[in-house]
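Working through the structure, step by step
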Amino acid sequence: MLGLALLLGQAASDPEPLQDYCIADTHGPQTIHMNGPSCIDPELASPSHFATSALSKPGNTSQSPFGFNIILTNISNLPGLNTQGLTMARLDVSPDGLVPPHSHPRASEVTICLKGELLVGFVDTTNRLHTQQLRPGESFVFPKGLIHFMYNLSSAHSAVAITGLNSQNPGAQLMAVAAFISSPPLPDEVLEKAFKIHGQDVARIRRNLEG
């Protein structure tokens, strides 16, 4: 966990805060649009604003067709996170489950495997694949904006990981979902030419992804 903290601390992504902290005001009305929520009066700050148990319980992997669940820290469950330029998450992956290829446009990511065995990897801008098998206690870094994945190698046991990202709002875009079930949808002709497939293939992939 010390390594995770050091990596996040050295890879600033969001703007530097201008005060010690800016506890998110999650109850007051948002009357103006800002790059993040407004702050409560610092005099009202308490230790509970900087603590959360959100990552302590397993997520329900059965709700995802890919067999994974991600629980994020955010300003709702950790208001003191606001303006600090980081996010943490708990990743639960069912046996043979997959976090499909995706990217975070605003953050680098470091993942620590806590339980099970995960095959992780990313593809760089030269289309070179970098993969590693993680066992409990081992870590892997995904560079900012690059497509990456995590796969549970076991068909019998679940896997758990903690991941940290150097942005309060890293964003996430699943490659297949973005391409095939955007709203409004990409033209079939674009997908047919881009993936060298036929119209019936586009329809079938969309049906599969929509469940």
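Residues numbered from 1 in each chain as written. Predicted model: local features only at pLDDT ≥ 70, side-chain atom pairs only at ≥ 80, totals over all residues. Heavy atoms only, no water.

**What about the overall build of the protein chain?**
The secondary structure content of the protein chain amounts to four helices and 10 strands. Shown N-terminal to C-terminal, the secondary structure of the protein chain runs as helices and strands in the order α-β-β-β-β-β-β-β-β-β-β-α-α-α. Residue burial in the protein chain is summarised as follows: out of 211 residues, 35% are buried. Considering only contacts within the protein chain whose residues lie at least 6 apart along the sequence, 68% involve residues at least 24 apart. Here the protein chain has roughly 12400 Å² of accessible surface; of this, 56% comes from carbon and sulfur atoms. (Helix = DSSP H or I, 4+ residues; strand = E, 2+ residues; numbered from the N terminus. Buried < 20%, exposed > 50% of the residue type's maximum accessible area, 1.4 Å probe, protein only. Contact = heavy atoms within 4.5 Å. Areas by Shrake-Rupley, 256 points an atom, 1.4 Å probe, with all protein chains shown as cover.)

**Some thoughts on the sheet that holds strand 5 (residues 118-123)**
An order of 6-5-8-3-10 is seen for the five strands of this open sheet, with the pairing classed as antiparallel. Each edge of the sheet is formed by a strand with only one pairing partner; in this case those strands are strand 6 (129-134) and strand 10 (173-174). Two strands pair when backbone bridges link them, and strand 3 (residues 98-103) and strand 8 (residues 147-152) are joined in this way by three bridges, in the antiparallel orientation. Note that in strand 8 the partner of His102 across the bridge is His148. (Pairing = 2+ DSSP bridges.)

**With respect to helix 4 (residues 199-210)**
For helix 4, which comprises 12 residues, the first-to-last C-alpha distance of 17 Å matches the rise-based estimate of 16 Å (1.5 Å per residue) to within 8%. Listed in full, the buried residues belonging to helix 4 are Asp201, Val202 and Arg206. End-on view of helix 4: buried residues confined to an arc of 135°, all on one side of the axis. Projecting away from the buried face of helix 4 at angles above 90 degrees are the exposed residues Gln200, Arg207 and Asn208. Looking one or two residues past helix 4, Gly211 carries a phi angle of roughly 75°, positive in sign. (Expected span 1.5 Å × (residues − 1). Arc of directions from axis to C-beta.)

**Describing the sheet that holds strand 2 (residues 87-93)**
Taken in spatial order, the five strands of this open sheet run 1-2-9-4-7, and their pairing is antiparallel. Each edge of the sheet is formed by a strand with only one pairing partner; in this case those strands are strand 1 (68-72) and strand 7 (139-142). The mean inter-strand angle of the sheet, taken between neighbouring strand axes irrespective of direction, is 25°. Bridging between strand 2 and strand 9 (residues 159-165) involves seven bridges; their strand directions are antiparallel. In the sheet register, Val93 faces strand 9, and the bridge partner there is Ala159. (Axes fitted to C-alpha atoms, helices over the stretch in contact; angles between N-to-C directions.)

**Thoughts on the pattern of salt bridges**
Following the criterion strictly, the structure yields four salt bridges and no others. Residue Asp92 pairs with Arg90 through a salt bridge whose shortest N-O separation is 2.8 Å. Comparing Asp92 with Arg90, the two get one shared label, buried. (Salt bridge = Lys/Arg side-chain N within 4 Å of Asp/Glu carboxyl O.)

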